Amino acid sequence: MKVEDNSMMGAACVNALSNLFICEIEAYGHVYRIDFAKGLYTERQRIVKDCDPKAHGTTITYILVDTMFENITLDPKRVVEMCQQKALLISGLKINVAIIDAEGAPHKTTFQYTDGLKAYLDILLKNKELAVDTKIHLSRTVPAKDLPRDLSFDISFAYTTKDEQTIKSFVNSIDTEDGGTHVQGFIQGICNALRKYGIEKKKIKEPKDFELNDTNRGIIGIIAVRYKKPTFDRQSKTKLDMPKVRTIITHAVADVFYDFLEANPKEADVILEKALLFRNWYGVGKYDFSGTAIPQAFHGGTRQQAMRGNQRHGLRAGVVQCAYSLADGACGVDHVVNHHAVAAFD
């Protein structure tokens, strides 16, 4: 359940804030039921009826305390979206949703996916243009060693032609919308793999030629972590706080992504050049405008000054192309000399 500030309320909290809270569980050929009111037992667990021995599932019924909440309504669209998301995160899980409208008519939907995370990525990529055709998937279970318990995680991602990144992250199917150490590990792993590949192929000279923000541009991905008793940095459970999870995911992603780059050099070059393009563009904004030759060239300086600026800062034509697209036509090229360019801003 979500409240107005978008934070999550768990079952215990909803129970405490409900005049009626009923939990029914189908298992072992019986339906077990337990009743609460404002967090306290009203009826203990008991068997209320028999059911199919193969049946299993949980039904929660609750009525919130009306003196504490105003305008208590459920958004049917949001309910359906959340049920679909759960089915995508747990492959094979079947969820039947029935929404009863104001006239009493039911509207039923069923969600079930055999490859949940892959299907989820396809949904996120709808109407998006891919920079490379390959979508990368990673699934791992790490036995308890650095952590008290086993850690499992699934990751799916792809590169699009856009600049923006979209990374959906979850812990035990809970949406960690503020990210956390699992997301940090994913981004660091991508960066480490690209740095290693770029240096080995002599595309870059040293690791600092790439920053984290350069290598994740255009990424659309999903990270789903499963771990018993995870640690969050806040009660709302929207941000994971487990440094060892970051380390484990960093190494796993770096290994898998590096192997992909090695096996697919053409696609690797596209991804690498995309990162270099934005690195050069932001490099101009961060460093080059502090000099004298470049600003003079922008504001009508001589051709010689502009050339000196190019040689000094090593700008490439790709910088201007990027600047043009970001500025939506607000800049142009004065001249190009030896594949270097100087941009002039209006």
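Whatever comes next refers back to the structure up there.
This report concerns the structure included in the present document. (Residues numbered from 1 in each chain as written. Predicted model: local features only at pLDDT ≥ 70, side-chain atom pairs only at ≥ 80, totals over all residues. Heavy atoms only, no water.)

Secondary-structure assignment places Thr250 in helix α6 (residues 243-263). Ignoring any residue separated from it by four or fewer positions in sequence, one finds Thr250 in contact with Gly185, Gln188, Gly189 and Asn192. (Helix = DSSP H or I, 4+ residues; strand = E, 2+ residues; numbered from the N terminus. Contact = heavy atoms within 4.5 Å.)

Take the nonpolar core next. In a soluble, globular protein the nonpolar side chains are often hidden away together inside. Counting 42 residues, the largest nonpolar core has Phe186 and Phe257 as the members making the most contacts within it. Residue assignment for this core shows that the elements contributing at least two residues are β7 (136-142), β8 (151-159), β9 (166-171), α4 (181-200), β11 (219-226), α6 and α7 (265-286). Setting aside chain neighbours within four positions, we find Phe257 in contact with Ile136, Phe157, Tyr159, Ile190, Ala193, Leu194 and Ile271. Phe111, Tyr120, Phe170 and Ile222 belong to the second largest nonpolar core, which has 19 residues in total. (Core = buried A, V, L, I, M, F, W, Y, C linked by side-chain atoms within 4.5 Å. Buried < 20%, exposed > 50% of the residue type's maximum accessible area, 1.4 Å probe, protein only.)

Pairing within the open sheet is mixed, and its five strands lie in the order β7-β8-β11-β9-β10. The sheet terminates laterally at β7 and β10 (174-175), the two strands that pair on one side only. As paired strands, β9 and β10 are joined by two bridges and run antiparallel to one another. Note that in β10 the partner of Val171 across the bridge is Ile174. Seen against the sheet, helix α3 (residues 116-124) touches β7, β8, β9 and β11 and runs at an angle of roughly 150° to β11. (Pairing = 2+ DSSP bridges. Axes fitted to C-alpha atoms, helices over the stretch in contact; angles between N-to-C directions.)

The four strands lie next to each other as β3-β2-β1-β4, forming an open sheet whose pairing is antiparallel. Two strands in the sheet have a free side with no partner beyond their single neighbour: β3 (40-50) and β4 (57-64). On average, each strand axis in the sheet is tilted by 15° relative to the strand beside it, whichever way the strands run. Strand direction decides the pairing type here: strand β1 (residues 18-27) and strand β2 (residues 30-37), joined by seven bridges, are antiparallel. Its bridge partner lying in β2, Ile22 is registered against Asp35.

Here Leu17 is to be found in the loop between α1 (11-16) and β1. Residues Leu17 and Tyr62, 45 residues apart in the sequence, show an inter-C-alpha distance of 9.4 Å.

Looking now at the environment of Ala268. Relative to the elements of secondary structure, Ala268 occurs in helix α7. The buried category is assigned to Ala268, whose relative accessible area is 0%. Separated by 74 residues in sequence, Ala268 and Leu194 place their C-alpha atoms 8.6 Å apart. Every residue in contact with Ala268, bar those within four places of it in the chain, is listed here: Tyr197 and Leu261.

Time to look at the packing of aromatic side chains. Summed over all chains, the structure comprises seven aromatic pairs. Between Phe21 and Phe36 the ring centres are 6.2 Å apart and the planes differ by 70°, which places this aromatic pair in the edge-to-face class. Of this pair, Phe21 sits in strand β1 while Phe36 sits in strand β2, and the two are 15 residues apart along the sequence. Phe36 carries the same exposure label as Phe21, and that label is buried. An aromatic cluster is built from Phe157, Tyr159, Phe186, Phe257 and Phe260, whose rings are joined through pairwise contacts. Here the basic side chain of Arg44 rests over the ring of Tyr41, its NZ or CZ set 3.8 Å away from the ring centre. (Phe/Tyr/Trp six-rings, centres within 6.5 Å; stacked < 30°, edge-to-face > 60°. Lys NZ or Arg CZ within 6 Å of the ring centre and 35° of its normal.)

A positive phi is found at Tyr28, a non-glycine position, where the angle reads about 55°. Mapped onto the elements of the fold, Tyr28 is located in the loop between β1 and β2. With a phi angle near 50°, Lys38 is a residue other than glycine that sits in the positive phi range. As for its position among the elements, Lys38 is in the loop between β2 and β3. For Lys38, a relative accessible area of 51% corresponds to the exposed category.

Our focus in this paragraph is the pattern of salt bridges. Under the criterion given, the structure shown has ten salt bridges. Close ionic contact of Asp154 with Arg226 constitutes a salt bridge, the shortest N to O distance being 2.8 Å. Residue Asp154 is found in strand β8, and its partner Arg226 is found in strand β11; the two are separated by 72 residues along the sequence. For Lys203, the salt bridge is made with Asp269, and the minimal N-O distance between the two is 3.6 Å. (Salt bridge = Lys/Arg side-chain N within 4 Å of Asp/Glu carboxyl O.)

Closest axis-to-axis distance for the helix α2 (residues 76-89)/α3 pair is 7 Å, and the angle between their directions is 130°. Taken together, the axes of α2 and α3 lie oblique to each other. Residues Gln84, Gln85, Leu88 and Leu89 of α2 touch α3, and the partners they reach there are Gly116, Leu117, Ala119, Tyr120 and Ile123. Looking at side-chain class alone, the contact of α2 with α3 contains six nonpolar, three polar and no charged residues. (Parallel < 35°, antiparallel > 145°, perpendicular 65-115°, else oblique. Nonpolar A, V, L, I, M, F, W, Y, C, P; charged D, E, K, R; others polar.)

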